[in-house]
Amino acid sequence: MRSDGILLPPATMAAVDRAAIAAGRPGPWLMENAGRAVTRAVTARLPPRPVLVLCGPGNNGGDGWVVARQLRRAGWPVRVASLVPCQSLKGDAAWAAAAWDEPIEPVGPAGLDGADLVVDALFGAGLARPLDGAAAEVVRALNERRLPVVAVDVPSGVDGATGAVLGAAPAARLTVTFCRLKPGHLLLPGRLLCGETVLADIGIPDEVVAAHDSGLRANGPGLWRHLVPERTAESHKYRFGHALVVGGPKETTGATRLAARAALRVGAGLVSIACTPEALPVYAAQLTAVMTKPAADAAALGRLLADPRFSALLIGPGIGTGPATRELVATVLAAGRPTVLDADALTSFADCRQDLLGALRPDCVLTPHDGEFARLFDATGDRLGRALAASRASNAVVLLKGSDTVVAAPDGRATIQPSAPPDLATAGSGDVLAGLILGLLAQRVPAFEAASAAVWLHATAAEGSGPGLIAEDLSERVPAALAAMRSR
Ligand SMILES: NC(=O)C1=CN([C@@H]2O[C@H](COP(=O)(O)OP(=O)(O)OC[C@H]3O[C@@H](n4cnc5c(N)ncnc54)[C@H](O)[C@@H]3O)[C@@H](O)[C@H]2O)[C@H](O)CC1
Ligand SMILES: [K+]
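Residues numbered from 1 in each chain as written. Chains lettered and ligands numbered in written order. Predicted model: local features only at pLDDT ≥ 70, side-chain atom pairs only at ≥ 80, totals over all residues. Heavy atoms only, no water.

## Focus: the overall build of the protein
- What the protein contains, in helices and strands, is 19 helices and 17 strands.
- Taken against the 2.2 N^0.38 rule, which gives 23 Å for 488 residues, the C-alpha radius of gyration of the protein at 26 Å falls within 12% of a compact globule.
- Structurally, the protein occupies a C-alpha span of about 85 × 50 × 45 Å along its principal axes.
- By the burial criterion, 56% of the 488 residues in the protein qualify as buried.
- Considering only residue pairs separated by 6 or more positions, the protein has 73% of its internal contacts joining residues 24 or more positions apart.
- Split by element, the accessible area of the protein, about 18900 Å² in all, is 55% carbon and sulfur.
- Of the side chains in the protein, 46 bear a positive and 46 a negative charge, and the two mean positions are spaced by 4 Å. (Helix = DSSP H or I, 4+ residues; strand = E, 2+ residues; numbered from the N terminus. Rg over C-alpha atoms; globule rule 2.2 N^0.38 Å. Buried < 20%, exposed > 50% of the residue type's maximum accessible area, 1.4 Å probe, protein only. Contact = heavy atoms within 4.5 Å. Areas by Shrake-Rupley, 256 points an atom, 1.4 Å probe, with all protein chains shown as cover. Lys, Arg positive; Asp, Glu negative; His and termini not counted. Charge placed at Lys NZ, Arg CZ, Asp CG, Glu CD.)

What follows is the structure in structure tokens.
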């Protein structure tokens, strides 16, 4: 199976299952492969121990019956508890249960006694509402007793489309999923509840998956590495663009400098800061490779940006909020270059959002955190859905920052960042991210890929840094992240 990063929401996964069966892969064969994948993952990690398999009313439960049979064949002491009477099971689940010829218990907390491991096959892609009744009780008891759980496809109660918990969900040590990851495996809290996530090939052809591809991806270098220019012996700095940051006042130059430095670190050929004459000496005293350009007001900035050599623009870090910023943002957008709008450049439009949203283009990238997002867009719904809706509404790329950062494009594509070291939560980290996007845009990386690449580089630069990471160091770690991008 290609590691193509394709993410399939549960409803799409169900359609893929049906298409695979129509393409000659029988349901029981798929279920047997799914159960075998779970069994292999368990037996590769653990020696035999008393295991309880919790089977639900559908095909997730069907996978559980296969796991029970295969673990028993591997010599494990296995018990099975079923949420529903076996005679109510249908289709492949009924087929899988019929092979079990030992006692079957009801699902409930009492059944957990004596189990050293629990296989959670209650619900998967078909979860339709919050857990209740015996399912909720046993899940709560699992969490209270901190029993090791192996989840089939997804921890029961986690919504595979959003990562949200519906009622309750076990904290699994291991989750074995099939065919492709679902958004809920990467979005919080689902990602944390999955524990180690193993993706198993159960024989669904890639072409069946491709036919159902809706443009959702787990973020990774394979999506955009080819678009990030590489320096060679005959490279010249002018080939790597000229990035410009609209600098804040002399009292708050740090954010602007962090962004400018990050743009250089990620490979922009030239980087300039446009700032007021009062702030210019402050910037000039603290910069070496970054140039400073005086621009006293919006009109002067407009004249400066008429120079076509500026290939990408950033406004926001440290710029301050208010009408003057709105005027500067309008001037920057009027220049018609790929543009990053971050922090104060977004907050300044909280009371007049349409003035901003009506002026954006697909080569613009907005980088709100949740608070900034809520001031501009409808904040109801899950993060993936919200980011996609905001991108469609604004006709711009929306990068919704978080531990599970989502990048969404107006054409419906989206990436979810699979990891984010907690050390990224440091002052100035967002300024560095904005600078990384700017530096990639300056090198003519398209906006959606530039934003996704910047998120991955930002997280990779923080990997292994440990506590005490500061934004300046983060920027210095970008070259190593670029090298990792080329090698993975
Ligand atoms: N990905 C693949 O190629 C394969 C996946 N398999 C497994 O099939 C399940 C999906 O099975 P499905 O029957 O569609 O749904 P579930 O088993 O998750 O749910 C069963 C059933 O339960 C009802 N229900 C939903 N929510 C609740 C609730 N909160 N309380 C009570 N009942 C609820 C609803 O009617 C559901 O239909 C997938 O996860 C994989 O594990 C195949 O086995 C192999 C191929
Ligand atoms: K499950």
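## Looking at the coordination of the potassium ion (ligand 2)
- Only Asn60 (OD1), Asp120 (O), Phe123 (O), Val152 (O), Val154 (O) and Ser156 (OG) from the protein reach the potassium ion (ligand 2) as donors, at distances of 2.6 to 3.0 Å.
- Linear spacing of the donor residues for the potassium ion (ligand 2) on their chain is N-x59-D-x2-F-x28-V-x1-V-x1-S. Of the two residues, Asp120 is situated in strand E4 (residues 117–121) and Ser156 in the loop between strand E5 (149–152) and strand E6 (174–178); the sequence distance between them amounts to 36 residues. Each member of the pair, Asp120 together with Ser156, is buried. (Donors = N, O, S within 2.8 Å, 3.2 Å for Na, K, Ca; no water.)

## A word on the environment of Asp344
- Locating Asp344 in the fold gives a position in helix H12 (residues 344–347).
- Dropping the residues within four chain positions of it, Asp344 is found in contact with Gly316, Gly318, Ile319, Gly320, Thr321 and Thr325.
- Within polar-contact distance, the side chain of Asp344 engages the backbone nitrogen of Gly320 at 2.7 Å. (Polar contact = N/O pair within 3.5 Å; in protein donor to acceptor, adjacent residues only side chain to side chain.)

## Examining the side chain of Thr253
- Note on placement: Thr253 falls in the loop between strand E9 (242–246) and helix H8 (254–265).
- Every residue in contact with Thr253, bar those within four places of it in the chain, is listed here: Val282, Tyr283 and Gln286.

## Some remarks on the site of ligand 1
- Near ligand 1 lie 22 residues; those nearest to it are Asp17, Asp63, Gly124, Arg129 and Asp153.
- Within the side chain of Asp17, an N or O atom sits 2.4 Å from an oxygen atom of ligand 1.
- In the model, a nitrogen atom of ligand 1 is placed 3.2 Å from a nitrogen or oxygen of the Pro130 main chain.
- Relative to its free-state accessible area of 860 Å², ligand 1 is covered by the protein chains to the extent of 81%. (Near = heavy atom within 4 Å.)

## Here we look at the domain arrangement of the protein
- Parsing the protein into structural domains produces domain 1 (10–215) and domain 2 (221–487).
- Taking the mean C-alpha position of each, domain 1 and domain 2 sit 41 Å from one another.
- The partner domain 2 presents 13 residues to the nine residues of domain 1 that form the contact.
- A combined buried area of about 780 Å² lies between domain 1 and domain 2, and 62% of that area is made up of carbon and sulfur atoms.
- Per-residue buried area on domain 1 facing domain 2 is highest for Leu186, Leu187 and Arg191; these three make up 54% of the total on that side.
- Inspection of the domain 1/domain 2 interface yields zero salt bridges.
- In this assembly, domain 1 and domain 2 are joined by five residue pairs in polar contact (both at pLDDT 80 or more).
- Residues of the side of domain 1 that touches domain 2, tallied by class, amount to five nonpolar, three polar and one charged. (Domains from an automatic or database assignment. Buried area = accessible area lost by both parts, 1.4 Å probe. Salt bridge = Lys/Arg side-chain N within 4 Å of Asp/Glu carboxyl O. Nonpolar A, V, L, I, M, F, W, Y, C, P; charged D, E, K, R; others polar.)

## Things to note about helix H3 (residues 59–73)
- The end-to-end C-alpha separation of H3 is 21 Å, in line with the 21 Å expected for 15 residues at 1.5 Å each.
- Judged by how many residues are buried, H3 sits mostly within the fold: 12 of 15 residues are covered.
- Those residues of H3 lying buried are Asn60, Gly61, Gly62, Asp63, Gly64, Trp65, Val66, Val67, Ala68, Arg69, Gln70 and Leu71.
- A positive backbone phi angle near 95 degrees is found at Gly75, which sits one or two residues after H3. (Expected span 1.5 Å × (residues − 1).)

## Digging into the sheet that holds E6
- Strand order in the open sheet formed by seven strands is E3-E2-E1-E4-E5-E6-E7, and the pairing between neighbours is parallel. With one partner strand each, in any of the chains shown, strand E3 (104–106) and strand E7 (196–200) form the two edges of the open sheet. Mean inter-strand twist for the sheet, computed between neighbouring axes without regard to direction, equals 25 degrees.
- Bridge count for E6 against E7 is five bridges, and the pairing is parallel. From the neighbouring strand, Leu174 faces E7, where its bridge partner is Glu196. (Pairing = 2+ DSSP bridges. Axes fitted to C-alpha atoms, helices over the stretch in contact; angles between N-to-C directions.)

## With respect to the nonpolar core
- Residues Ile273, Ile437, Leu438, Leu440 and Leu457 are the most contacted members of the largest nonpolar core, which totals 57 residues.
- Element by element, the count of residues in this core is highest for helix H17 (residues 447–462), at 12 residues. (Core = buried A, V, L, I, M, F, W, Y, C linked by side-chain atoms within 4.5 Å.)

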